[in-house]
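Structural overview
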Amino acid sequence: MHIITLADAAYPARIHRTTDLVRSVHSADTVVDHVRTELTELLGLRVCRFEYGTLVGRPPRLGNDGSVTVGRHTRNPDTDDRTGAAPDTSGPVRGW
């Protein structure tokens, strides 16, 4: 992500707009809506949602190379998926 951010001037501008919004708005919902729109456009997602709650445990981590790490297991959907099926992203990742 760091290399992509440096290569494209639009990314830092988006980050600055978001931080300015965080400083100036009193509604968390406004910030959530803004970040949802940014992520949807940036990552080419169909949908994106935010769930309020307390972070518990070790959530899945998305690596710079697109790999996903859950606990001690790391998989790269581009190279490790042998089924050809699209990943289910309708809920939290629980593990493999």
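Report on the accompanying structure. The shown structure was predicted, so the numbers you read here are calculated from the model rather than taken from an experiment. (Residues numbered from 1 in each chain as written. Predicted model: local features only at pLDDT ≥ 70, side-chain atom pairs only at ≥ 80, totals over all residues. Heavy atoms only, no water.)

The contact between helix α2 (residues 10–24) and helix α3 (residues 28–43) brings their axes to 10 Å, and the two run at 170 degrees. With respect to each other, α2 and α3 are oriented roughly antiparallel. For the pair α2 and α3, the crossing hand works out as left-handed. Residue-level contacts link Tyr-11, Arg-14, Arg-17, Thr-18, Leu-21 and Val-22 of α2 to Thr-30, Val-31, His-34, Val-35, Glu-38, Glu-41 and Leu-42 of α3. Counted by class, the contact of α2 with α3 contains six nonpolar, three polar and four charged residues. (Axes fitted to C-alpha atoms, helices over the stretch in contact; angles between N-to-C directions. Helix = DSSP H or I, 4+ residues; strand = E, 2+ residues; numbered from the N terminus. Parallel < 35°, antiparallel > 145°, perpendicular 65-115°, else oblique. Left-handed = near helix turned anticlockwise from the far one by under 90°. Contact = heavy atoms within 4.5 Å. Nonpolar A, V, L, I, M, F, W, Y, C, P; charged D, E, K, R; others polar.)

Let's shift gears to the environment of Gly-63. Here Gly-63 shows up in the loop between β1 (61–62) and β2 (68–70). Taking relative accessible area as the criterion, Gly-63 reaches 26% and is therefore assigned partly exposed. Through-space distance from the C-alpha of Gly-63 to that of Arg-75 is 9.8 Å; in sequence the pair is twelve residues apart. (Buried < 20%, exposed > 50% of the residue type's maximum accessible area, 1.4 Å probe, protein only.)

A few words now on the sheet that holds β2. One open sheet holds the three strands; their spatial order is β1-β2-β3, and the pairing between them is antiparallel. In this open sheet, the two strands that pair with only one neighbour each are β1 and β3 (73–75). Both β1 and β2 contribute to a ladder of two bridges, which runs antiparallel. When the sheet's bridge partners are listed, Arg-61 is paired in β2 with Thr-69. (Pairing = 2+ DSSP bridges.)

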